[in-house]
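# Chains, contacts and geometry: an overview
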Amino acid sequence: MRDLFLMDQKDYCPNGKVFSRPSVRAVIIKDGKVLLIYSKKYDYYKFPGGGIEKDEDHAAALLREVEEESGYRIIPDTIEEFGRVCRRQKDSFCEDDIFEQENFYYFCDIEELRGETHLDDYEDEEGFTAVWMEPFAASNHNHYSRNKGADQYMIQREEKVLDLVDLEIRKRERKAHEKATIASLGRLDYADMLSFVERTLKKSCSENIGAKTDIAYSRFEHTKRVLGWAKRLYDMTDNKDELDYENIIIATIFHDVGRNVSQDTGIPHAQAGVPITRKYLLEQGFEPERVEDICSLVGGHSDKHRMKDKDIDQNLLLLMEADLLDDMGALGIVMDCMITEKRNPEACFTDCLDHIERYTYRIQQDNPMVTAVGRQLWDRKTQLVHSFVDALKEDVIL
């Protein structure tokens, strides 16, 4: 099990006898909230769980502890590792000893029906009550409820884990939204294509664009964002009869697949992606004529100077516009701030402002889009950048 973090008070004698007390904790998520145990006496929240008894495995201990404290029964097949927190400090009963507690946290689901609780004497005395809480709210509550007689070190541990669970919930929600969006694109095999592109890009030594920004930049994440913009452009356009939706979506998925080959050979990534795309699609049984149409989009998407050609393929134009819309607007502002900090760890707010004005703000001035929908989306991003820069100036400049 991976280590989430270490809590070491270093207030003990290094040569002291170690008293170990391993425990299990359940992370049960439902509708963005987690099941927690609230102590009425000491006003804090903790995850349901407790010590592992002799000859008891983790799963058995987890089922027993959760049912005793909350009344809910865990569904055994749903138990999944989250992480471990090791806690070391001077033993409260013998100052010459070391108290070490390994806390094993598990994700799991519960049955709908809730039974009775079976609290220990100290749990009953503390007024343990099962509640559903948003993890950030519970973490924030624990942070400000200290110095009230409870084990503060334990409360801090739960606070930190709650913050990690809050991030995990957000990540799961984004993943679920992304999965639903990909499914809504139409073909079931679009997800397989994306998985292939992700694997191919990860074969490269680095997914960073390096000198361009000095920050870690995932080309696969860029691909997914461009896919989103391509879908928006298509949905908003009035000239769908001039477009081939399937070709656009597939070409967008593959448009940067040649990045790793480009790094190794120096061949422009758009051209490097063509044979990779062709091989994959032919192996999947696509008609050769459609494959070549898609490959022409992949191979030509970097030629942005062609965007205003009167005879440009409208499918290629849409892909180009989708590609340009990424990394601009709000995302451009965030990237500028990340680049500023990367290049100068001591950068201040005005340094970020300077970088935004020199890059994203300037780039947004000239609208490169050709289609009415593209120009509309670019203008919307430009307005956001202008408003942000004006507000930031008001905040940081006397």
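An account of the accompanying structure is given in this report. None of these values were measured; they are calculated from a predicted model.

Among the nonpolar cores identified, the biggest contains 48 residues, and Tyr-190, Met-193, Val-197, Ile-250, Ile-253, Phe-254 and Leu-281 are the most heavily contacted of them. Of all elements in the fold, only helix 5 (190–202), helix 6 (219–236), helix 7 (245–254), helix 9 (269–283), helix 10 (288–300), helix 11 (314–325) and helix 15 (372–396) reach the threshold of two or more residues within this core. Ignoring anything within four residues of it in the chain, the contact list for Tyr-190 reads Leu-185, Tyr-245, Glu-246, Ile-249, Ile-250 and Ile-253. Within the second largest apolar cluster, 22 residues are counted, among which are Tyr-42, Tyr-44, Tyr-72 and Ile-155.

On the surface, a cluster of negative charge is made up of Glu-287, Glu-289, Asp-293 and Asp-313. Summarising the element assignment, Glu-287 is placed in the loop between helix 9 and helix 10.

Further remarks concern the side chain of Asp-256. Assignment of secondary structure puts Asp-256 in the loop between helix 7 and helix 8 (259–265). Sequence-distant contacts of Asp-256, that is, excluding residues within four places in its chain, are made with Leu-201, Arg-219, His-222, Thr-223, His-269 and His-301.

With respect to the helices and strands, Glu-321 occurs in helix 11. Despite its burial, Glu-321 pairs with no opposite charge; the closest candidate is Arg-375, at 7.5 Å N-O. If we skip the residues at most four places from it in the chain, Glu-321 touches Leu-233, Met-307, Met-369, Val-370, Thr-371 and Gly-374.

Looking now at the pattern of salt bridges. This structure, assessed with the given rule, holds 34 salt bridges. Between Arg-170 and Asp-166 there is a salt bridge, with its nearest N and O atoms 3.1 Å apart. Highlighted residues: Arg-170 and Asp-166, both in helix 4 (residues 152–183), separated by four residues, approximately one helical turn. A salt bridge links Lys-231 to Asp-235; its shortest N-O distance comes to 2.7 Å. One end of the pair, Lys-231, and the other, Asp-235, are both in helix 6, four residues apart, so they sit about a helical turn from each other.

Another aspect to go through is helix 9. In this model helix 9 runs 22 Å from its N-terminal to its C-terminal C-alpha over 15 residues, within 8% of the 21 Å that 1.5 Å per residue would give. Every buried residue of helix 9 is accounted for by His-269, Ala-270, Ala-272, Gly-273, Val-274, Ile-276, Thr-277, Tyr-280 and Leu-281. Tucked into the core, helix 9 has its buried residues touching helix 5, helix 7, helix 8 and helix 10. Where helix 9 terminates, the next one or two residues include Gly-285, which has phi positive at roughly 90 degrees.

Unfilled space is identified by rolling a water-sized probe across the atoms. As enumerated under the stated definition, the model contains one cavity of 30 Å³ or more in all. Computed from the structure, the largest cavity encloses a volume of approximately 90 Å³. With four residues, the top contributor of residues to the lining of the largest cavity is helix 11. Split by residue class, the lining of the largest cavity holds five nonpolar, four polar and one charged.

Moving on to the pairing of strand 3 (residues 23–27). Here strand 3 lies mainly inside the structure; five of its five residues are buried. Summarising the sheet, strand 3 and strand 7 (residues 49–51) pair through three bridges and their orientation is antiparallel. Among the inter-strand pairings, Ser-23 is bridged to a residue of strand 7, identified as Gly-51. The pairing of strand 3 with strand 10 (residues 98–107) spans five bridges and is parallel. Each residue of the ladder has a partner; that of Val-27, found in strand 10, is Phe-107.

This next bit is on the pairing of strand 10. The buried count for strand 10 comes to nine of 10 residues, which makes it a mostly enclosed element. Sheet topology places strand 2 (residues 18–20) next to strand 10; three bridges connect them, and they run parallel. Along strand 10, the bridge assignment pairs Ser-20 with Glu-100. By the bridge criterion, 10 bridges tie strand 9 (residues 80–90) to strand 10 in an arrangement that is antiparallel. Residue pairing in the sheet places Cys-86 in a bridge with Glu-102 of strand 10.

Interaxial distance between helix 3 (residues 135–144) and helix 4 falls to 8 Å at its minimum, and their mutual angle equals 160 degrees. The orientation of helix 3 relative to helix 4 falls into the category roughly antiparallel. You can see that helix 3 and helix 4 cross each other, and the crossing is left-handed. Mapping the contact onto sequence places Pro-135, Phe-136, Ala-138, Ser-139, Asn-142 and His-143 in helix 3 and Ile-155, Glu-158, Glu-159, Leu-162, Asp-163, Val-165, Asp-166 and Ile-169 in helix 4. Along the lines of polarity and charge, the residues of the contact of helix 3 with helix 4 split into seven nonpolar, three polar and four charged.

Conventions and cut-offs
Residues numbered from 1 in each chain as written. Predicted model: local features only at pLDDT ≥ 70, side-chain atom pairs only at ≥ 80, totals over all residues. Heavy atoms only, no water. Core = buried A, V, L, I, M, F, W, Y, C linked by side-chain atoms within 4.5 Å. Buried < 20%, exposed > 50% of the residue type's maximum accessible area, 1.4 Å probe, protein only. Helix = DSSP H or I, 4+ residues; strand = E, 2+ residues; numbered from the N terminus. Contact = heavy atoms within 4.5 Å. Patch = residues over 30% accessible without salt bridge, like charges linked within 9 Å, V, L, I, M, F, W, Y side chains within 5 Å. Areas by Shrake-Rupley, 256 points an atom, 1.4 Å probe, with all protein chains shown as cover. Salt bridge = Lys/Arg side-chain N within 4 Å of Asp/Glu carboxyl O. Lys, Arg positive; Asp, Glu negative; His and termini not counted. Charge placed at Lys NZ, Arg CZ, Asp CG, Glu CD. Expected span 1.5 Å × (residues − 1). 1 Å grid on protein atoms, 1.4 Å probe; cavity = no way out; pocket = protein on both sides within 12 Å on 5 of 7 lines; lining within 4 Å. Points joined across faces, edges and corners; volume = space filled by probe spheres on them. Nonpolar A, V, L, I, M, F, W, Y, C, P; charged D, E, K, R; others polar. Pairing = 2+ DSSP bridges. Axes fitted to C-alpha atoms, helices over the stretch in contact; angles between N-to-C directions. Parallel < 35°, antiparallel > 145°, perpendicular 65-115°, else oblique. Left-handed = near helix turned anticlockwise from the far one by under 90°.

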